[in-house]
Amino acid sequence: MGLFDDDFYSTKVSRRRERKVSKRPMPRRWSKPFRGRSLSTMQVSAICSLISAVVAVLLFSLVTGQLSHPKGAAPAFIQNVTPSSGDPYERIIKAAATVRPAVVSIINHKEEETKDTPDESALGSGVIYRKTGDKAFIITNNHVISGAGKLEVVTVDGETRKAELVGADKVSDIAVLSIDAGGINTIAQMGDSSKLQLGETVIAIGNPLGLGDTLTSGIVSYTNRSIPVSLNQDGVYDWEQEVIQTDAAINEGNSGGALVDLNGRVIGINTMKISDTGVEGLGFAIPANHVIKIAEELSQKGKIARSYLGVYSIDLNNPYVPLAEDQRKALNLPSSVKEGVVVLDAVGPAKEAGLKLNDVITKFNGQTIDSTLSLRKYLYNETKIGDPLVITFYRHGVEQEVTVTLKEKPGE
């Protein structure tokens, strides 16, 4: 008996079954013996094996796509994919060779070295993006040069040069340095970051952990990611950085370095990564289109001119630093007011307009302001220096309006 207790799965017929069948009366029309040649068990097995082999080859060909298609036809699942031209590894090598000489290491000497005080330095990266006259200009991150006592640049061939700070901007995290242009022959070509595509191969070049001239590769994981940041490093998110997300390895010291496409163009400036237990491959770069705009203004003016209101504030509904119950009661707000910005101090234009402690700002020019982040984004993105700004706010539970003339934000 077979495995499934069914004679269908047996390769032989038992003698008992043969005898039983032979006793069964046969219809007369079947009595004529079959005169064709019968096949032996070995022949049947050989034929079955041959058919199985042919079927297996056909199935393999269909799965792997090796069967020929009609002229002009293509498998449906790849018909919209444009094949890359050339060996991708060869393209990485060429792109890296194009940009490498323009990527430098930056040494931030925070204090002058003395006998009693050792040199306290921080490391970062930068990209030579322009050469004018006897000066070469370098883009890096603001946090790379923050608190600098002296700045030095190390070129790809190991030469150390003194660098001067041209301008820096904490909000965009961009800074521009200048060095003597003698012997600088390679300038990085800036690409169009608005044309990036998900999955596009990119390479990161920089100075991670002091290991200068280091190359890593990955893909564009997301083209336009908004990452909340705390400009004052106080744990309160008061700005959003628009960044390119990549899984190319970015480590301490990569900041300010180049994120490069396979055409050898810089499409971003590496700025940060998420470093936490169980987190891998989450690095971020500031898009080149935004970088070059900021860098040019820094080169010309040394700073970024932005509108300034002059309020120090806290969010009415901040999940990280919630207001105490007695503080909320002191504001005497209507129950309908759930979000806004509480004024802690008013200076400059805000003080001149009469804003005071515990005023709760809810609108700018009729647009809802529900957090310090939205307040800052509206000022920086929607207004210019000298613009009038209509502020809607609550004081002792009463809604009021005041018009403020915005001034230029003072240097920090």
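Quick notes on the rules
- Residues numbered from 1 in each chain as written.
- Predicted model: local features only at pLDDT ≥ 70, side-chain atom pairs only at ≥ 80, totals over all residues.
- Heavy atoms only, no water.
- Helix = DSSP H or I, 4+ residues; strand = E, 2+ residues; numbered from the N terminus.
- Contact = heavy atoms within 4.5 Å.
- Pairing = 2+ DSSP bridges.
- Axes fitted to C-alpha atoms, helices over the stretch in contact; angles between N-to-C directions.
- Buried < 20%, exposed > 50% of the residue type's maximum accessible area, 1.4 Å probe, protein only.
- Patch = residues over 30% accessible without salt bridge, like charges linked within 9 Å, V, L, I, M, F, W, Y side chains within 5 Å.
- Areas by Shrake-Rupley, 256 points an atom, 1.4 Å probe, with all protein chains shown as cover.
- Salt bridge = Lys/Arg side-chain N within 4 Å of Asp/Glu carboxyl O.
- Phe/Tyr/Trp six-rings, centres within 6.5 Å; stacked < 30°, edge-to-face > 60°.
- Lys NZ or Arg CZ within 6 Å of the ring centre and 35° of its normal.
- 1 Å grid on protein atoms, 1.4 Å probe; cavity = no way out; pocket = protein on both sides within 12 Å on 5 of 7 lines; lining within 4 Å.
- Points joined across faces, edges and corners; volume = space filled by probe spheres on them.
- Nonpolar A, V, L, I, M, F, W, Y, C, P; charged D, E, K, R; others polar.
- pLDDT = per-residue confidence, 0-100.
- Expected span 1.5 Å × (residues − 1).
- Arc of directions from axis to C-beta.

You'll find the protein entered in an unreviewed UniProt entry as Serine protease Do, with Paenibacillus sophorae given as the organism.

Peer 1: What am I meant to see in the side chain of Ser-178 here?
Peer 2: Assignment of secondary structure puts Ser-178 in strand S6 (residues 174-180). In contact with Ser-178, not counting residues within four places along its chain, are Lys-135, Ala-136, Phe-137, Lys-162, Ala-163, Glu-164 and Val-166.

Peer 1: So what exactly am I meant to see when it comes to the sheet that holds strand S4 (residues 150-154) here?
Peer 2: Hydrogen bonds between backbone atoms are what pair the strands of a sheet, whose relative direction is either parallel or antiparallel. The six strands are arranged S1-S2-S3-S6-S5-S4 in a closed barrel whose pairing can be described as antiparallel. The sheet shows a mean angle of 40° between the axes of neighbouring strands, direction not considered. Inspection of the sheet shows strand S1 (residues 103-109) paired to strand S2 (residues 121-132) by seven bridges, in the antiparallel sense. Looking at the pairing, Ile-107 lines up with Leu-123 of S2. Relative to the sheet, helix H5 (residues 288-301) contacts S2, strand S3 (135-140), strand S5 (160-169) and S6, its axis offset from that of S6 by approximately 60°.

Peer 1: Explanation requested: the pairing of strand S12 (residues 283-287) in the structure shown.
Peer 2: Regular strands place their side chains on alternate faces of the sheet. The buried fraction of S12 is high, at five of five residues. Both strand S9 (residues 239-246) and S12 contribute to a ladder of three bridges, which runs antiparallel. When the bridges of S12 are listed, Gln-245 appears paired with Phe-284. Here five bridges tie strand S11 (residues 266-273) to S12, and the two strands are oriented antiparallel to one another.

Peer 1: Before we go on, may I ask you to explain a nonpolar patch on the surface in this structure?
Peer 2: A cluster of nonpolar residues, Tyr-237, Tyr-320 and Val-321, forms a patch on the protein surface that exposes about 330 Å² of accessible area. Topologically, Tyr-320 is positioned in the loop between strand S14 (311-315) and helix H6 (325-331).

Peer 1: For this particular structure, what's the right way to read the side chain of Thr-392?
Peer 2: Residue placement: Thr-392 occurs in strand S18 (residues 388-395). Classification of Thr-392 by relative accessible area gives buried; the value is 5%. Ignoring sequence-local partners within four residues, the contact set of Thr-392 consists of Val-360, Ile-361, Thr-362, Lys-363, Glu-399, Gln-400 and Glu-401.

Peer 1: What is the right way to look at the packing of aromatic side chains in this model?
Peer 2: Between two aromatic rings, the relevant description is the distance of the centres plus the angle of the planes. In total, this model carries two aromatic pairs according to the counting rule given. Ring geometry for Trp-239 versus Tyr-380: centroids 5.5 Å apart, planes at 55°, classification tilted. Note that Trp-239 is positioned in strand S9 and Tyr-380 in helix H8 (residues 372-382), a separation of 141 residues in sequence. The ring of Tyr-222 has Arg-225 lying over it, and the distance from NZ or CZ to the ring centre is 3.8 Å. Residue placement shows Arg-306 over the ring face of Tyr-380; its charged tip is 5.2 Å from the ring centre.

Peer 1: Would you take a moment to explain the layout of surface pockets for this structure?
Peer 2: Over the atoms, a rolled probe matching the size of one water molecule traces out where space is still vacant. Approximately 730 Å³ is the volume found for the largest pocket. In terms of lining residues, the largest pocket is bounded by 28 residues, among which His-143, Asp-173, Gln-233, Thr-271 and Met-272 are the most central. Partitioned by chemical class, the residues of the lining of the largest pocket number 10 nonpolar, 12 polar and six charged.

Peer 1: Help me out: how do you make sense of the pairing of strand S10 (residues 258-261) in this one?
Peer 2: Alternating positions in S10 separate into two faces, Ala-258 and Val-260 on one and Leu-259 and Asp-261 on the other, with burial throughout. Summarising the sheet, strand S7 (residues 201-206) and S10 pair through four bridges and their orientation is antiparallel. The residue of S10 that forms the bridge with Ile-203 is Val-260. Here S10 runs beside S11; their pairing, made up of three bridges, is antiparallel. The residue of S11 that forms the bridge with Ala-258 is Ile-269. Remark: four residues form the turn of the hairpin made by S10 and S11, two consecutive strands paired antiparallel; Gly-264 in that turn has positive phi of roughly 80°.

Peer 1: What should I look at first to understand the confidence of the model for the protein in this one?
Peer 2: Close reading of the predicted structure is inappropriate where its pLDDT is low. Per-residue pLDDT for the protein has a mean of 82; in total, 76% of the residues score no lower than 70. This model gives residues 1-37 a pLDDT under 50, and the stretch forms five contacts once residues within four places in sequence are excluded.

Peer 1: Before we go on, may I ask you to explain the sheet that holds strand S8 (residues 214-229) in this structure?
Peer 2: Taken in spatial order, the six strands close into a barrel running S7-S8-S9-S12-S11-S10, and their pairing is antiparallel. Each neighbouring strand pair of the sheet contributes to a mean axis angle of 50°, computed without reference to strand direction. Each of S11 and S12 touches H5; the most contacted strand, S12, lies at about 55° to it.

Peer 1: Help me understand H5, please; the structure alone is not making it clear to me.
Peer 2: Helical geometry note: an α-helix holds 3.6 residues per turn, so side chains three or four residues apart project in the same direction. Look at H5: 20 Å from first C-alpha to last across 14 residues, which is about the 20 Å you get at 1.5 Å a residue. Residues of H5 that are buried include every one of Ala-288, Val-291, Ile-294, Ala-295, Leu-298 and Ser-299, and no others. In a view along the axis of H5, the buried residues occupy a sector of 135°, so they form one face of it. The exposed set on the far side of H5, more than 90 degrees from its buried face, consists of Lys-293, Gln-300 and Lys-301. Next to the buried residues of H5 lie S2, S3, S5, S6, S11 and S12. Looking one or two residues past H5, Gly-302 carries a phi angle of roughly 80°, positive in sign.

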